[in-house]
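The primary structure of each chain is shown beneath.
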Amino acid sequence: MIQVTVGSTTNRTKKLYPGTTTIRSILEDNDIDYGVATIMIDGANIQSNEMDSTLTELGKVEKCMLIAVVKAEAAK
């Protein structure tokens, strides 16, 4: 099991997931809308083609941080 700190820049929780869990399923399990956010794992951007990669495929074996940074529109 891998300890994943998951959430946004202001709200985070820690959950355990098997290494076979995909990034997309972790985000969906935590009701995070990844369509309107930049997704980062341990500070590195997750590209759209990596959303179905597992934690193990991304080299995560013990713990990691999966954060959604909401895209804000520029004030006018």
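Parameters at a glance
Residues numbered from 1 in each chain as written. Predicted model: local features only at pLDDT ≥ 70, side-chain atom pairs only at ≥ 80, totals over all residues. Heavy atoms only, no water. Core = buried A, V, L, I, M, F, W, Y, C linked by side-chain atoms within 4.5 Å. Buried < 20%, exposed > 50% of the residue type's maximum accessible area, 1.4 Å probe, protein only. Contact = heavy atoms within 4.5 Å. Pairing = 2+ DSSP bridges. Helix = DSSP H or I, 4+ residues; strand = E, 2+ residues; numbered from the N terminus.

## Focus: the nonpolar core
Right, so step 1: Residues Val-4, Ile-23, Ile-39, Leu-55 and Leu-66 are the most contacted members of the largest nonpolar core, which totals 17 residues.
Right, so step 2: In contact with Leu-55, other than residues within four places in its own chain, are Ile-2, Val-4, Tyr-17, Pro-18, Gly-19, Thr-21, Ile-23, Ile-26, Ile-41, Lys-60 and Cys-64.

## Details of the sheet that holds strand β5 (residues 63-70)
Right, so step 1: Taken together, 5 strands build an open sheet; the order of strands is β2-β1-β5-β3-β4 and the sheet is mixed. Every other strand in the sheet has two partners, leaving β2 (12-17) and β4 (44-45) as the edge strands with one partner each.
Right, so step 2: In terms of strand pairing, strand β1 (residues 2-8) meets β5 through 6 bridges, oriented parallel. The partner of Gln-3 across the bridge, within β5, is Lys-63.

## Some thoughts on unusual backbone geometry
Right, so step 1: In the Ramachandran plot, Asp-31 falls in the positive-phi region, its phi being about 55 degrees despite a non-glycine side chain.
Right, so step 2: Summarising the element assignment, Asp-31 is placed in the loop between α1 (23-29) and β3 (37-41).
Right, so step 3: Residue Asp-31 is classed as exposed on the basis of its relative accessible area of 73%.
Right, so step 4: Not every positive phi belongs to a glycine, and Asp-42 is a case in point at roughly 50 degrees.
Right, so step 5: Residue position: Asp-42 is located in the loop between β3 and β4.

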